[in-house]
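Listed here are the chains, written in short residue letters.
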2 protein chains.
Amino acid sequence: MTSSADASYIALSGGVGGAKLALGLCDVLENPGRLTVVTNTGDDFEHLGLKVCPDLDTLTYTLAGLANLETGWGRAGESGAFMEALGALGGETWFFLGDKDLAIHVERTRRLRAGESLSTVTSDLCARLGIEARIVPMSDDPVPTVVETEDGPLAFQHYFVRERCRPKVLGFRHEGAEQARASSGFLDALAAPDLGAVIVCPSNPYISIDPILAVPGVRDALAACEAPVIAVSPIIGGEAVKGPTAKMMAERGIAPSALAIAEHYAGLIDGFVLDEADRAEAAGIAATGVAVEVTATMMTAREEKQALSRAVLAFANRRGAAR
Amino acid sequence: MTSSADASYIALSGGVGGAKLALGLCDVLENPGRLTVVTNTGDDFEHLGLKVCPDLDTLTYTLAGLANLETGWGRAGESGAFMEALGALGGETWFFLGDKDLAIHVERTRRLRAGESLSTVTSDLCARLGIEARIVPMSDDPVPTVVETEDGPLAFQHYFVRERCRPKVLGFRHEGAEQARASSGFLDALAAPDLGAVIVCPSNPYISIDPILAVPGVRDALAACEAPVIAVSPIIGGEAVKGPTAKMMAERGIAPSALAIAEHYAGLIDGFVLDEADRAEAAGIAATGVAVEVTATMMTAREEKQALSRAVLAFANRRGAAR
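Note that the structure is predicted; figures quoted are calculated from it, not measured.

Participant: Explain the overall build of chain A here, please?
Facilitator: Counting its regular elements, chain A contains 13 helices and 14 strands. Here the C-alpha radius of gyration of chain A, 19 Å, is about what a compact globule of 323 residues would show, namely 20 Å. Counting only C-alpha atoms, chain A reaches 60 × 40 × 40 Å along its principal axes. Burial analysis of chain A (323 residues in total) assigns 54% to the buried set. For chain A, the proportion of contacts with a sequence separation of at least 24, taken over those separated by at least 6, is 68%.

Participant: What's the story with the sheet that holds strand E10 (residues 229-232) of chain B in this structure? I'm lost.
Facilitator: All names here are of chain B. Spatially, E5-E2-E1-E9-E10-E13-E14 is the arrangement adopted by the 7 strands of the open sheet, whose pairing is parallel. Looking at strand neighbours, the two that pair on one side only are strand E5 (134-137) and strand E14 (291-295), the edges of this open sheet. For this sheet, the mean inter-axis angle between neighbouring strands, taken without regard to orientation, is 20 degrees. Sheet contacts for helix H2 (residues 54-63): strand E1 (8-13), strand E2 (35-39) and E5; angle to E5, the most-contacted strand, approximately 175 degrees.

Participant: What's the story with the packing of helix H4 (residues 101-113) of chain A against helix H3 (residues 81-88) of chain B in this structure? I'm lost.
Facilitator: The packing of two helices is summarised by the inter-axis angle and the distance between the axes. It is the contact of H4(A) with H3(B), at a shortest axis distance of 7 Å, that shows an interaxial angle of 55 degrees. Taken as axis vectors, H4(A) and H3(B) run oblique relative to one another. In this structure, H4(A) crosses over H3(B), and the sense of that crossing is right-handed. Counting all contacts with H4(A), which are made through A:Leu102, A:Ala103, A:Val106 and A:Glu107, the residues of H3(B) involved are B:Phe82, B:Ala85 and B:Leu86. Within the contact of H4(A) with H3(B), the residues separate by chemical class into 6 nonpolar, no polar and 1 charged.

Participant: Teacher, can you tell me more about the nonpolar core here?
Facilitator: The nonpolar side chains of soluble globular proteins are, as a tendency, buried together. By size, the foremost hydrophobic cluster in this structure holds 200 residues, and its most contacted members are A:Ala11, A:Ala22, A:Ile199, B:Ala11, B:Ala22 and B:Ile199. With residues near it in sequence (within four places) discarded, B:Ile199 still touches B:Tyr9, B:Ile10, B:Ala11, B:Ile230, B:Val232, B:Val312 and B:Ala316.

Participant: How should the relation of the copies chain A and chain B be read in this particular structure?
Facilitator: Each of the two chain copies can be generated from the other by rotation about an axis followed by a shift along it. The two copies are related by a screw operation: chain A maps onto chain B through 180 degrees of rotation and 0.0 Å of translation along the axis, at an RMSD of 0.0 Å. Viewed as a symmetry operation, the transformation between the two copies matches a two-fold axis. When C-alpha distances to the rotation axis are compared across chain A, the minimum falls at A:Asp99, with a value of 3.0 Å. Taken as a fraction of all interface residues of chain A, those also at the interface in chain B reach 100%, which identifies the copy contact as same-surface.

Participant: Even after reading the chapter, I still don't get the interface of chain A and chain B, so can you show me in this structure?
Facilitator: With 23 residues of chain A in contact, the opposing surface of chain B contributes 23 residues. Broken down by secondary-structure element, the contributors of at least two residues to the side of chain A that touches chain B are helix H3 (81-88), H4 and helix H5 (118-128) of chain A. Examining the composition of the side of chain A that touches chain B, we find that 8 residues originate from one element, H4(A), more than from any other. Across the side of chain A that touches chain B, the residue classes tally to 12 nonpolar, 5 polar and 6 charged.

Participant: It is not clear to me how helix H5 (residues 118-128) of chain B should be interpreted in this structure. Could you clarify?
Facilitator: Residues that lie three or four places apart on an α-helix share one face, since the helix turns once every 3.6 residues. All names here are of chain B. Turning to H5, its buried residues number three or more, namely Leu118, Val121, Thr122, Leu125 and Cys126. One side of H5 carries all its buried residues, which in axial view fall inside an arc of 130 degrees. On its buried face, H5 sits against H2, helix H4 (99-113) and E5. With its phi angle positive at about 75 degrees, Gly130 sits one or two positions after the end of H5.

Participant: Help me understand the packing of H3(A) against H4(B), please; the structure alone is not making it clear to me.
Facilitator: Axis separation between H3(A) and H4(B) bottoms out at 7 Å; the angle between their running directions is 50 degrees. Relative to H4(B), H3(A) is oriented oblique. Here H3(A) runs over H4(B); the crossing is right-handed. Between H3(A), through A:Ala81, A:Phe82, A:Ala85 and A:Leu86, and H4(B), the contact on the second element is made entirely by B:Asp99, B:Lys100, B:Leu102, B:Ala103, B:Val106 and B:Glu107.

Participant: Is there a simple way to think about the sheet that holds strand E7 (residues 152-155) of chain B in this case?
Facilitator: What holds strands together in a sheet is hydrogen bonding between their backbones, with the strands either parallel or antiparallel. Residues and elements named next belong to chain B. Read across the open sheet, the 3 strands follow the order E7-E6-E8; overall the sheet is antiparallel. Either end of the sheet is taken by a strand with one partner, and the two such strands are E7 and strand E8 (169-174). The average undirected angle you get between the axes of adjacent strands in this sheet is 25 degrees. Each of strand E6 (145-149) and E8 touches helix H8 (residues 205-213); the most contacted strand, E8, lies at about 25 degrees to it.

Participant: Would you mind showing me how to read the confidence of the model for chain A here?
Facilitator: Detailed reading of predicted coordinates is not advised where the pLDDT is low. Summarising the model, chain A shows a mean pLDDT of 95, and 98% of its residues fall at 70 or more. For this predicted complex, the interface score ipTM comes out at 0.91, alongside a pTM of 0.93.

Cut-off values and rules
- Residues numbered from 1 in each chain as written.
- Chains lettered and ligands numbered in written order.
- Predicted model: local features only at pLDDT ≥ 70, side-chain atom pairs only at ≥ 80, totals over all residues.
- Helix = DSSP H or I, 4+ residues; strand = E, 2+ residues; numbered from the N terminus.
- Rg over C-alpha atoms; globule rule 2.2 N^0.38 Å.
- Buried ≥ 20, exposed ≤ 12 C-beta atoms within 10 Å, placed from the backbone.
- Contact = placed C-beta atoms within 7 Å.
- Pairing = 2+ DSSP bridges.
- Axes fitted to C-alpha atoms, helices over the stretch in contact; angles between N-to-C directions.
- Parallel < 35°, antiparallel > 145°, perpendicular 65-115°, else oblique.
- Left-handed = near helix turned anticlockwise from the far one by under 90°.
- Nonpolar A, V, L, I, M, F, W, Y, C, P; charged D, E, K, R; others polar.
- Core = buried A, V, L, I, M, F, W, Y, C linked by C-beta atoms within 7 Å.
- Least-squares fit on C-alpha atoms with pLDDT ≥ 70 in both.
- Arc of directions from axis to C-beta.
- pLDDT = per-residue confidence, 0-100.

What follows is the structure in structure tokens.
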């Protein structure tokens with residue numbers, strides 16, 4: 001196990017929660033260029049003829065300092081002239097695309113159509129925006145999440161944005177996962193001899209992390225990986241900080257708790273980070289065979305993102321040294 | 001020949017100059033719904049993965065009351081957040097697409113990719129914007145104008161916008177014209193039994209009107225047409241009101257004059273409208289065998305657009321009655 005300063009790290013991430021931790025990690029790592037943020041692309045969809053990658057964009061904007069911290073998505077100081085004009089033309093307006101935000105969708109779509117991979121386009125755009133960490137899609141192949149609901153199957157963004165997570169969830173499908181290949185950036189990061197830890201960000205396990213795990217070979221690579229795999233709970237005090245995680249758990253008959261998250265990742269993780277509010281669950285989680293770290297996990301202020309990142313890295317280093 | 005109030009009319013148009021006359025015609029016609037504005041699509045190009053139709057858009061925005069009257073292109077009250085963000089991502093910024101304007105390109109591109117024709121999309125968008133006149137593309141097939149220059153062949157917008165009409169023009173090609181078919185809206189308007197006149201707007205003859213005339217069957221249909229064909233000179237006092245018409249004429253060894261424009265349309269037109277500034281050329285133009293009308297053709301104010309429209313319609317009606 002290399003020392004923290006030299007090691008490389010992987011973060012598996014969805015959108016907002018993962019981006020917060022990724023930002024904290026970039027702040028506290030001596031060399032943020034050694035962090036690979038592997039991003040869920042199950043949310044990606046084609047809209048208005050444009051390829052929209054919500055989680056990739058949230059990460060990109062967050063790490064570039066361009067994110068709208070109030071909404072949790074989109075860009076700060078955004079305007080809606082395009083959307084208003086589109087509505088006047090009879091176009092679809094249920095998924096808001098801001099004027100600035102449009103640039104990334106138009107440019108990415110153009111380049112993908114020209115035959116470039118999502119990895120290449122993402123890497124170039126991140127470089128343009130001065131992002132030091134590597135943001136890589138989980139796969140360059142489409143693996144769209146389909147939400148099975150009581151209203152029938154729904155494409156993810158139709159469930160998430162158009163229906164505002166209203167329909168009761170029965171399950172999830174990761175379409176095309178069997179044929180998908182993990183991105184080379186993901187595989188390279190997993191194969192790095194100096195990998196210090198794989199951090200599963202406090203993202204929704206079903207719709208942000210499971211799609212990444214559904215890509216063939218990823219579960220095996222994580223199991224074979226010598227570095228510790230550490231998950232951070234997205235549930236605090238029985239509630240999700242943001243998004244439908246708790247609602248989805250309840251609808252699937254699972255009481256929303258840190259323990260339930262740890263159980264969801266059973267066999268995959270070596271360590272689990274939960275909030276002080278859930279300290280009572282620590283023993284139960286430890287009983288599942290993983291190391292447990294209790295700390296403040298709410299990441300509102302930048303300092304909180306950094307403090308949690310330090311705690312996660314220290315925990316990971318202790319786990320790595322213990323192996 | 002039906003009376004002016006009942007007749008239908010066709011205007012052949014490029015962008016700015018044609019849009020001005022079309023606006024005037026809409027103002028003064030009892031029923032603007034009987035005006036078909038056949039629009040040059042030789043300027044159309046794919047840019048940033050979007051289908052951009054500059055002349056169609058200028059007409060649409062002008063007749064919808066949305067046009068930027070200062071620039072002559074784009075929309076009033078436009079913003080550039082998209083373009084600025086695109087530049088930061090390394091995208092191409094030489095062709096400005098405003099935030100509002102983007103809506104028409106995105107929506108049109110989406111619908112064309114879904115298999116709809118340019119005519120259908122244009123018709124729907126115009127209806128959405130409350131435009132009474134019919135704006136129809138000359139063809140649903142691409143007929144891109146290539147400008148042959150001393151620097152080699154240039155796609156039209158590369159010549160026009162990127163190079164700002166700098167390279168010396170040797171000639172023009174209308175690519176794909178042989179295979180193109182006139183749009184059904186164009187053909188229907190030409191076949192209308194109550195057609196009162198075909199008005200060739202004061203547009204650039206080479207890059208706005210010739211592409212329309214290059215579509216197979218159009219010249220023959222105009223020649224066979226019982227209604228008078230009336231052209232309005234885009235040259236006033238040896239200069240173009242806007243754009244590179246005079247420069248192109250000079251580069252091709254033609255002294256820019258109303259007479260030269262009339263000669264360019266020889267065999268096609270029955271009547272020619274020129275500005276009072278060029279009254280001295282009237283006799284020479286009449287000697288080519290066309291009727292001549294001298295009036296004020298500068299269309300800055302709305303009233304000037306209307307006055308010229310009235311003059312053109314009255315002239316056309318006299319020509320029609322004389323046949």
